[in-house]
Amino acid sequence: MMEINHKIFGKIKFNYGWTKDISLEIFNKHHVLEINIDADEDAEFEINQEKAYIFFNNHLDEIVKEANSAIISYYNHEISDIISSYTNHKEKQYFLDKIGDEKEIFSLLKPKQMMFPLTFDETVEEVGFLCDCDWDKENGIGIKFTNGVLSEIGPQDILL
């Protein structure tokens, strides 16, 4: 297992990207997530990945707060569309009943990774959360920040 001590990222090891664990409070609960910095084994990182990481570390509380409120409004606005493909009435109702209930909505989410993708554009710094979610087990959900601003919520592939 390849491991390096990077000047910005600290101790990271290579596993389909460079990874380490971080523990944080998100969705009103304590979670351990994997940080994943997208790069090959040669550990050639983009300067903007380093910048995104520094920004993330310095603004973690605001980022988490923003992700929390963004996911609530996303759920409240999108859930009826999202579950329109569900055929089971009970399942549909289960998700609809949670609209507006922050604690219940958070309980449907399990954050897995913090992604720092390659952007191939040094003016673009990206970071985001990848989460499993009960209403879309196949695609999960991604919460993306671009240059410090929440820019998109959608299926996980917005960050992959």
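Residues numbered from 1 in each chain as written. Predicted model: local features only at pLDDT ≥ 70, side-chain atom pairs only at ≥ 80, totals over all residues. Heavy atoms only, no water.

Q: Break down the sheet that holds strand E7 (residues 141–146) for me, citing the residues and quoting the values.
A: One open sheet accounts for eight strands, arranged E1-E2-E3-E4-E5-E6-E7-E8; its pairing is mixed. This sheet does not close on itself; its edge strands, each paired only once, are strand E1 (3–6) and strand E8 (149–154). Along the sheet, successive strands turn relative to each other by an average axial angle of 30 degrees, direction set aside. Note that strand E5 (residues 109–116) and strand E6 (residues 126–133) share six bridges and pair antiparallel. Looking at E6, one finds that proline 111 is bridged to cysteine 131. (Pairing = 2+ DSSP bridges. Helix = DSSP H or I, 4+ residues; strand = E, 2+ residues; numbered from the N terminus. Axes fitted to C-alpha atoms, helices over the stretch in contact; angles between N-to-C directions.)

Q: Provide a residue-level description of a negative patch on the surface, including the pertinent values.
A: On the surface, a cluster of negative charge is contributed by Asp40, Glu41, Asp42 and Glu44. Among the structural elements, aspartate 40 can be located in the loop between strand E4 (29–37) and helix H1 (47–58). (Patch = residues over 30% accessible without salt bridge, like charges linked within 9 Å, V, L, I, M, F, W, Y side chains within 5 Å. Areas by Shrake-Rupley, 256 points an atom, 1.4 Å probe, with all protein chains shown as cover. Salt bridge = Lys/Arg side-chain N within 4 Å of Asp/Glu carboxyl O. Lys, Arg positive; Asp, Glu negative; His and termini not counted. Charge placed at Lys NZ, Arg CZ, Asp CG, Glu CD.)

Q: Could you give an account of empty space enclosed by the protein, with specific residues and numbers?
A: Applying the stated criterion across every chain yields a total of one cavity of 30 Å³ or more. A volume near 40 Å³ is recorded for the largest cavity. Lining the largest cavity we find Ala52, Phe55, Ile63, Glu125, Val127, Phe145, Asn147 and Gly148. For the lining of the largest cavity, the per-class residue count stands at five nonpolar, two polar and one charged. (1 Å grid on protein atoms, 1.4 Å probe; cavity = no way out; pocket = protein on both sides within 12 Å on 5 of 7 lines; lining within 4 Å. Points joined across faces, edges and corners; volume = space filled by probe spheres on them. Nonpolar A, V, L, I, M, F, W, Y, C, P; charged D, E, K, R; others polar.)

Q: Which residues make up the nonpolar core, and what values do they have?
A: Core analysis: the biggest nonpolar cluster contains 44 residues, and Phe56, Phe129 and Trp135 have the highest contact counts within it. The dominant element in this core, judged by the number of residues it contributes, is helix H2 (residues 60–82), at 10 residues. If we ignore the near neighbours within four places in the chain, the residues touching phenylalanine 129 are Ile26, Leu33, Ile63, Val64, Ala67, Gln113, Met114, Ile141, Gly142, Ile143, Phe145 and Leu159. (Core = buried A, V, L, I, M, F, W, Y, C linked by side-chain atoms within 4.5 Å. Buried < 20%, exposed > 50% of the residue type's maximum accessible area, 1.4 Å probe, protein only. Contact = heavy atoms within 4.5 Å.)

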